[in-house]
Amino acid sequence: MNDFQDIYDISQSQQGIDSLRYYFVSKGEKDIIKIIQYQYVKQFNGYPLFNLGFGDYDLETENLSDKEISNNKDHYKVLHTILDTIPRFFDIYGDVMLMVQGSDSKPEFIENCKINCSRKCNDNDCKKSHRRISIYRGFLDKNFEVLSEKYIFKGGQGFEDHNLIEGYGKHQKYNAVFVSKKS
């Protein structure tokens, strides 16, 4: 989405017409294979909708796990690597919509967090939730004017099939960000 200088080398793997994966190795206290996955979800607002998934690559299951927080002290390089794949994704798929959501925004994350929460959050405010989408929103808010030259952004409230979307407003709290490329 920008011309990033400090990114990891990636390898690409197309998984049919409905899935695209990028792999890289996060270097830090330990080497961790990471995966960025673009997966077709459904038709949404007249577009094929793809979800952006990111996490550690599980060699045994060949799937991604987005539950871990690796603390490899390379978070900016990792974020920039993820963002660098978005234009590549749109170059391959063209006229589609991309949805970015954090797994820590799902209702089940919040319910599970409450079970062992040491922060004593109230019922409507889990302090550990929405951290992942907040990172993406922070980058978008900071770079909105430049990115809006090439992309259309919408913000979503809710989750999965229950998302209400609107034109993206900087510094608004959204559970999801939807991106499409301008024609």
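Quick caveat: nothing in here was measured; it's all calculated off a predicted structure.

Calculation notes
- Residues numbered from 1 in each chain as written.
- Predicted model: local features only at pLDDT ≥ 70, side-chain atom pairs only at ≥ 80, totals over all residues.
- Heavy atoms only, no water.
- Helix = DSSP H or I, 4+ residues; strand = E, 2+ residues; numbered from the N terminus.
- Buried < 20%, exposed > 50% of the residue type's maximum accessible area, 1.4 Å probe, protein only.
- Contact = heavy atoms within 4.5 Å.
- Areas by Shrake-Rupley, 256 points an atom, 1.4 Å probe, with all protein chains shown as cover.
- pLDDT = per-residue confidence, 0-100.
- Pairing = 2+ DSSP bridges.
- Polar contact = N/O pair within 3.5 Å; in protein donor to acceptor, adjacent residues only side chain to side chain.
- Axes fitted to C-alpha atoms, helices over the stretch in contact; angles between N-to-C directions.
- Parallel < 35°, antiparallel > 145°, perpendicular 65-115°, else oblique.
- Bend = angle between axes of the 7 residues up to and from the residue.
- Phe/Tyr/Trp six-rings, centres within 6.5 Å; stacked < 30°, edge-to-face > 60°.
- Lys NZ or Arg CZ within 6 Å of the ring centre and 35° of its normal.

1. Thoughts on the overall build of the protein
Of the regular secondary structure elements, the protein holds three helices and nine strands. Listing every helix and strand of the protein by position from the N terminus yields β-β-β-β-β-α-β-α-α-β-β-β. Every one of the 183 residues in the protein was classed for burial, and the buried ones make up 42%. Sequence separation of 24 or more characterises 58% of the internal contacts of the protein that already satisfy a separation of 6 or more. Total accessible area on the protein stands at roughly 10600 Å², and carbon and sulfur atoms take up 48% of it.

2. Remarks on the confidence of the model for the protein
In this model, the protein carries a mean pLDDT of 85, and residues with pLDDT of at least 70 account for 84%. Confidence, read as mean pLDDT per element, is least for helix H2 (residues 107-116) in the protein (69) and greatest for strand S2 (residues 19-26) (95).

3. Observations regarding the pairing of strand S1 (residues 11-14)
Inspection of the sheet shows S1 paired to S2 by four bridges, in the antiparallel sense. The residue of S2 that forms the bridge with Ser13 is Arg21. The hairpin turn running from S1 into S2, its antiparallel successor, is four residues long, and Gly16 in that turn takes a positive phi close to 75 degrees.

4. Comments concerning the environment of Tyr8
Counting through the fold element by element, Tyr8 comes out in the segment before S1. For Tyr8, a relative accessible area of 9% translates into the label buried. Sequence-wise, Tyr8 and Lys27 are 19 residues apart; in three dimensions their C-alpha atoms are separated by 9.0 Å. If sequence neighbours within four positions are ignored, Tyr8 has contacts with Phe24, Val25, Ser26, Lys27, Asp74, Lys77, Val78 and Thr81. Here the side chain of Tyr8 touches Lys27 through a polar contact of 3.0 Å, landing on its backbone nitrogen.

5. Re the packing of helix H1 (residues 75-93) against helix H3 (residues 131-147)
Where H1 contacts H3, the axes come no closer than 12 Å and their chain directions differ by 70 degrees. The angle between the axes of H1 and H3 places the two elements in the roughly perpendicular class. Packed against H1, whose contacting residues are Leu79, Ile82 and Leu83, the element H3 presents Ile135, Tyr136 and Phe139 at the interface.

6. Observations regarding H3
Within H3, the axis deviates most sharply at Asp141, by approximately 50 degrees. Listed as buried for H3 are Ile133, Tyr136, Arg137, Phe139, Leu140, Asp141, Asn143, Phe144 and Leu147. Those residues of H3 that are buried are in contact with strand S4 (47-58), H1, strand S6 (97-101), strand S7 (151-157) and strand S9 (176-181).

7. Describing the side chain of Thr81
If you trace the backbone, Thr81 turns up in helix H1. Here Lys77 takes part through its backbone oxygen, which lies 2.7 Å from a polar atom of the side chain of Thr81. If near-sequence neighbours (up to four positions away) are discounted, Thr81 is found in contact with Ile7, Tyr8, Ile10, Phe24 and Ile36.

8. Quick look at the packing of aromatic side chains
The full count for this structure, using the stated rule, is 16 aromatic pairs. When the centroid spacing of 6.2 Å and the interplanar angle of 90 degrees are considered together, the rings of Tyr22 and Tyr38 count as edge-to-face. On the criterion of sequence distance, the pair formed by Tyr22 in strand S2 and Tyr38 in strand S3 (residues 32-44) is long-range, its members being 16 residues apart. Of the residues examined, Tyr38 reaches a relative accessible area of 0% and is grouped as buried. Ring pairing ties together the aromatic residues Tyr22, Tyr38, Tyr40, Phe50, Phe89, Phe90, Tyr93, Phe144, Tyr151, Phe153, Tyr168 and Tyr174, which thus form one cluster. The side chain of Lys77 reaches across the aromatic face of Tyr8, ending 4.4 Å from its centre.

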